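Here's the letter readout for the chains.
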Amino acid sequence: MSEKAEKKKKEQKTKPKYNMFQNAGYLLGNAAKVNPIVLWLMAAFIIADLGYSTAGLFLPKCVIAGLEQRQTAGQLLIIIGLFTAAIVIVKALNAWASTYFFNEVVACRSNLSKKDVLKALRTSYENIENPDFRLKFGKAEQATCANGQGTEAGYRTMYRLAISLGGFVIFLLVLTKVSPIILSVVALTTVVSLIVRKKTDDWKYAHEDDFRKNREKLWYICTIGSEYQVAKDIRIFGAARWLREIMRDFEKICLDWEQRCNWRELAADGVNCLMSLLREGLAYGWLIYIALTKGMAVSEFVLVFAAISGFANYFSGIMSGFEKLHRDMLDVDHVRVFLEYPEKFNFGSGAELKNTLDGKYEFELRNVTYRYPQAKEDTIKNLSLTIRAGEKLALVGLNGAGKTTLVKLLCGLYDPTEGEVLLNGINVKDFNRNEYYALFCAVFQEFSIMPLSVLQNITQSLDNIDETRARECLKLANLEKKIDSLPHGWNSLLYKTVHEDAVELSGGETQRLMLARALYKNAPVVVLDEPTAALDPIAESDIYQKYNDLTAGRTSLFISHRLASTRFCDRIVFLENGVIAETGTHDELIQKGKKYAELFGIQSRYYKENLEAVEVMI
Amino acid sequence: MKMKKKDENKRSFIENLRMILRGMKMTRTISGKPLAFSKFLSGLFDALIVFPNLYLSALILNELAGTRDTQTLIRLAIITVGVNAVLLLAKDAAQRWTNYLHSIFWEQMNSAYSGKLFDMDFCDVEDAEVHQLLSTIYQNRNWGAKGLSRMTGMFSQLTTGAVKIICSVALVITLFTLKVPESGDLAFMNSPWLLAAVFTVLAIAVMIPPMLSAKANDAFAKQAPKARMGNRLFFFYGGRGGLSSSERAMDVRIYQQDAFAADGRIYPAGYWSTTFRDVIKKMAGWQGTSNAVTYLMSGAVYAFVALKALGGAFGVGNVLMYVGAIASLTAGIGQFVNLWVELVGNNAFLADTFRFFDIPNKMYQGSLSVEKRDDFKYEIEFRDVSFKYPNTDVWALRHVNLKFRIGERLAIVGMNGSGKTTFIKLLCRLYDPTEGEIYLNDFNIRKYDYKEYMDIFSVVFQDFKLLAFPLGQNVAVAKNYDAAKAEKCLNEAGFSQRLSELEHGLDTPLYKDFDKDGVQISGGEAQKIALARALYKDAPFVILDEPTAALDPVAEYEVYSKFNTLVGDKTAVFISHRLSSCRFCDDIAVFDEGQLVQRGSHNELLADEKGKYSELWNAQAQYYK
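Model, not experiment: these values are computed from the prediction. (Residues numbered from 1 in each chain as written. Chains lettered and ligands numbered in written order. Predicted model: local features only at pLDDT ≥ 70, side-chain atom pairs only at ≥ 80, totals over all residues. Heavy atoms only, no water.)

### Some words on the overall build of chain B
Selection rule: Labels follow the DSSP assignment, with helices taken as runs of H or I lasting at least four residues and strands as runs of E lasting at least two, numbered in each case from the N terminus. What the globule rule says is 2.2 Å times the number of residues to the power 0.38, and the radius of gyration is computed from C-alpha atoms. Contact between two residues is taken to exist if any of their heavy atoms lie within 4.5 Å; hydrogens are not considered. Computed by Shrake-Rupley with a 1.4 Å probe, the accessible areas treat only the displayed protein chains as cover when residues are assessed. Just so you know, the count uses Lys and Arg for positive and Asp and Glu for negative, and it drops His and the chain ends. A single reference atom marks each charge: NZ on Lys, CZ on Arg, CG on Asp, CD on Glu.
Counting its secondary structure elements, chain B contains 23 helices and 10 strands. Compactness check: chain B gives a C-alpha radius of gyration of 36 Å against a globular reference of 25 Å for 625 residues, more than 25% above the reference. By principal-axis analysis of the C-alpha atoms, chain B measures approximately 120 × 55 × 50 Å. Partitioning the intrachain contacts of chain B with sequence separation of at least 6 by distance along the chain shows that 75% fall at a separation of at least 24. A total accessible area of about 25900 Å² is found for chain B, and carbon and sulfur atoms account for 56% of it. Each charge class in chain B can be summarised by its mean position, and for the 70 positive and 66 negative side chains these summaries are 8 Å apart.

### Examining the overall build of chain A
Heads up, the condition is: Note on exposure labels: buried denotes an accessible area under 20% of the residue type's maximum, exposed denotes more than 50%, and partly exposed covers the range between, all computed with a 1.4 Å probe on protein chains only.
Tallying secondary structure elements over chain A gives 21 helices and 10 strands in all. Radius of gyration (C-alpha) of chain A: 35 Å, far over the 25 Å computed for a compact globule of 618 residues. Summarising its shape, the C-alpha atoms of chain A cover approximately 115 × 55 × 50 Å along the three principal directions. Within the span of chain A, comprising 618 residues, buried residues form 54% of the whole.

### Overview of empty space enclosed by the protein
Put simply, the rule reads: Note on definitions: the grid is 1 Å and covers protein atoms alone; a cavity is a set of points where a 1.4 Å probe fits but cannot get out; a pocket is an open set with protein on both sides within 12 Å along at least five of seven lines; lining residues have an atom within 4 Å of a point. Grid points are joined across faces, edges and corners, and a volume is the space filled by probe spheres set on the points.
This structure, assessed with the given rule, holds 13 cavities of 30 Å³ or more. As for the second largest cavity, its lining consists of Val230, Asp233, Ile234, Phe237, Ala239, Trp242 and Leu243 of chain A together with Lys465, Leu467, Val477 and Arg533 of chain B. Elements supplying a minimum of two residues to the lining of the second largest cavity: α9 (228-237) and α10 (239-294) of chain A. Examining the composition of the lining of the second largest cavity, we find that 4 residues originate from one element, α9 of chain A, more than from any other.

### Topic: the pairing of strand β4 (residues 418-423) of chain A
All names here are of chain A. Just so we agree on the cut-off: DSSP bridges decide pairing: two strands pair if at least two such bridges lie between them.
Here 5 bridges tie strand β1 (residues 363-370) to β4, and the two strands are oriented antiparallel to one another. Looking at β4, one finds that Glu364 is bridged to Leu422. As judged from the 2 bridges shared by β4 and strand β5 (residues 426-427), these two strands associate in the antiparallel manner. Bridge assignment links Leu422 to a residue of β5, and that residue is Asn427. Hairpin remark: β4 followed by β5, antiparallel, with 2 residues in the connecting loop; positive phi at Asn424, about 45°.

### Describing the sheet that holds strand β3 (residues 392-396) of chain A
All names here are of chain A. What counts here: Axis angles are defined between N-to-C directions and span 0 to 180 degrees, where every axis is a line fitted to C-alpha atoms and, for a helix, only to the segment in contact.
Reading across from one edge, β6-β7-β8-β3-β9-β10 is the order of the 6 strands in this open sheet, with mixed pairing throughout. Looking at which strands have only one partner, the edges of the open sheet turn out to be β6 (440-443) and β10 (579-584). For this sheet, the mean angle separating the axes of adjacent strands, direction not counted, is 15°. Of the strand pairs in this sheet, β6 and strand β7 (residues 525-529) are connected by 4 bridges, and their pairing is parallel. Bridge assignment links Val443 to a residue of β7, and that residue is Leu528. The strands that helix α12 (residues 403-410) touches are β3, β6, β7, β8 (555-560) and β9 (571-576); relative to β8, the one it contacts most, it runs at about 155°. The strands that helix α20 (residues 595-604) touches are β3, β9 and β10; relative to β9, the one it contacts most, it runs at about 90°.

### Here we look at the packing of helix α2 (residues 35-48) of chain B against helix α8 (residues 148-177) of chain B
Residue and element names in this part refer to chain B. For clarity, the threshold we go by: Less than a right angle of anticlockwise turn of the near helix away from the far helix marks a crossing as left-handed, whereas a clockwise turn marks it as right-handed. Here the term charged refers only to Asp, Glu, Lys and Arg, the term nonpolar to Ala, Val, Leu, Ile, Met, Phe, Trp, Tyr, Cys and Pro, and the term polar to all other amino acids, Gly among them.
α8 packs onto α2 with a crossing angle of 35° between their chain directions and a minimal axis gap of 7 Å. Of the two possible hands of crossing, α2 and α8 adopt the one that is right-handed. Here α2 contributes Leu35, Ala36, Lys39, Phe40, Ser42, Gly43, Leu44, Ala47 and Leu48 to the contact with α8, which in turn contributes Thr152, Phe155, Ser156, Thr159, Thr160, Val163, Lys164 and Cys167. Of the residues that constitute the contact of α2 with α8, the class distribution is 9 nonpolar, 6 polar and 2 charged.

Here it is in structure tokens:
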């Protein structure tokens, strides 16, 4: 608990990068750029709201005054008519503007959300795995994800605050005749209400974290049941009972917390009630006293009484408005801090890089060491390796040997902790990183299917589609038959989460699609990271046989934990614990009879004709 | 599953009413607490709070305009202030109570949907149409709290509307009964014609705003599909779980996929604003008009009331009371009309929910008890079994005859899509065969109690799922479990080393979703836990559906060689496309295009050089020769 409290303090100490007014200016600037009508609508709100408050304050007063002074029916009707006309106009304006506004203001937030996402998509890859960056991205994304967040609600808060300020001034003018002491007491009652409310909120905020975890668990368990992968497990293992039991536990914890919160809120409500009782009592008492002693007219009484409660509302509106603005602008701050997150990679102009298909690219890793941030050990240890232009290199090793890390270093996704990666003698850091990425076509183990058509997923582009080549690539990846069998052929959409009518491809088919995409990109360096894991044996064998065609004339890197699959490469690099343990062709390595040969023995054990004969070897 | 969608515009009044009532009843069942009553109270006080104030302040003003008796004024003021404070507190208390009860309603709703999925026939769980339906329900709920989530508000809104109407009618009656003295200029105010005219204007004015806002609501509700699409796009391109998730980050860079997110044709940043602008402009016009009509009418009311007061029908103080009461009356009526229109619109969404909950359980469930046997003598036989997935025309399995040999190992091999997993799903009665029968100890498996039948199987599916709860609970699939047994199973499954490193042992939560103490587990480790879970269940049939796909060769070797001993004298079924696993099995069944094409030992099958098995074997073994 004390640790938590300290952490909380620390969080509060990290001051926003920009102050509230700077962020408000940024938000208004964003609207001016993206959708200026939002600013006009805000102005309309302020005018309409203040107009209505003023008219609404004076209409009863004037009507009652008219009655008291026994004006003629005509005069009375004219007064009512004028007021009604004014009120109808401002109220119509208000309703029109609010409907219009709530739609338009979304664009302002969406623009910031888009900026966030583009930053995340374009940032130096190392940032992606950096917890600090992810935390800041999380905050920025959270800040732009819904209507209630400060990046959208901030606009509302601003015009509401303006209305409170304006209303406060107007009502104060009406109340010049009222004793300042009375007004101070009225203001004081609202201050007390607000302070108590704030204390309650602070208490909730301070304890919310412990509770939120339970709430998230409850939500998790409620949603997990509707995932259909779980459905089989639920039936076979009778998991429904387990889930229901845990759910009831968390439900109870959540309700207990809500109960505590609501009792506190109710206590704050009680204080607020007391204050409003005081305020009303005071207003009535003072007004009755004035009316009786100084002969105040009923109309005046009505006006002042309404003005006092309006005055209290506006005063409270100003205070809570600033409070809300402060909170909303923290969201804006999160966005700005994230957008200004420093970049390590060079995305500006860099050394000249010709992207040609002739494959004249020689890569060299020179004494490369890589340690993951916060890791205790190096993953790659002082490793040197040259990949000759046009070479077909295989990278093998067990899980955790550092294969994928090495690939990421080569592809420019990581920069080495020590040492350097060179392309034709030039340090990779000197190139524009995006131009460098353009050299590679890759199939990684994790891939990013776009919610677009099959064809667009192959070409990774909406325009300038070369259909002939796309078809060739489909054929090479052995996926043509399947795609042609789809109702809309290669115009079928993928990714069901976005397109409800999308087609679903199996794991193997997806892997082939990724292969077709890599082939279409036609870049000079091919990187294939376990590209056959989801394929059945015949399809797998088919890919190996085509490997030479697939990589013709290009430099290629093939990563696998299955040693059998690498025989067709020019050279095999066997990686163990971040260093190159052995290197050579398959036959050379087998003849050496060391680690590679040993592992090959284990893997081929099941494929030997006579099982008993190999039993001894293990 | 066949689902007919009814045209929502064609529901009769009675049908609509029935649906609303059913929706209200359903929310009450789901919340399981006096939520409805708390909502009623909160609605009651919400509406009630204005009326005593209207009445009492009128008395004060009349007193001020009249005799100005100090005693009376003070007494009235004290009563007013006191009643106001009490009602305010009552309103707040009701509101807090409702908040408390409502706080987990969404979770409760979710678990109601999940609960239905738990109990549903498995073929419906896997039905794409059911998924679509549930996803639509969720999306509509998230977008505009449509459907069932709309119904809780009903209890308070109905009350508010009713209370407003009753109280304001009570206050406003004297406006019409009190007459202007016949002697004055304004005697015409008593004319029944004028009264009729006032009522007509009121009636028209009361009806127009709800009609306009109903029109607006309707127009907006029609945007639901576009709104859902917008949300889906936003979650993918704008959310952390979509394009910018870390597992996509490499591809995003190598294939420059940021260009898609930046492309306004695919992901317009202003999607909402531009998509809805035309409708919204119309809606804004309607809302403006609606407000104009309301305030025009209240101007007319003001004039009528003021003239009657001028004529001397009642005191000055009553003016504000009548104006306020009529405003409440029209608001109350408007609320009712609006509510009805909105609910009729909401019925279209509610219909989805009902359609989901009404999916019937069609699978026959017998009551025969499965005999508990220590010798595991459970004999299962497939007799000429054929199977088509619902709504497809392809035989996923065709004429399969197969008898398990008790206590032995059976391997099922074949290419992707050859029917291996389908076979297992039929065996575990997740589906019933389209043709043919499956027998357990001489009875059709349909005749057994479903839950008891499930008890004889332990399955590790390819896409098994562990939950972000403690390790031990995941293994035992229960909250209270036998810790020693769970530990033993984990050790047997090869998880012992990792287990010994865990500070909290079996109580260690899996994954870091909720707990800082949680541990990340690799794919291989997850598989070991899933294996332990299968062992813990200790069922006579153990089935592994491609359990080693994520393991590297050495780990694969470990699992395979150990498994033989782990299952002891139980019957084990392996499914794999890696033929190497078969070498452990006494008995191999080869599936191809839904048919059982070969069966025998490894050597027997390999002897048939033209067989499917040889083809598969050679494709893999060629690299190891």
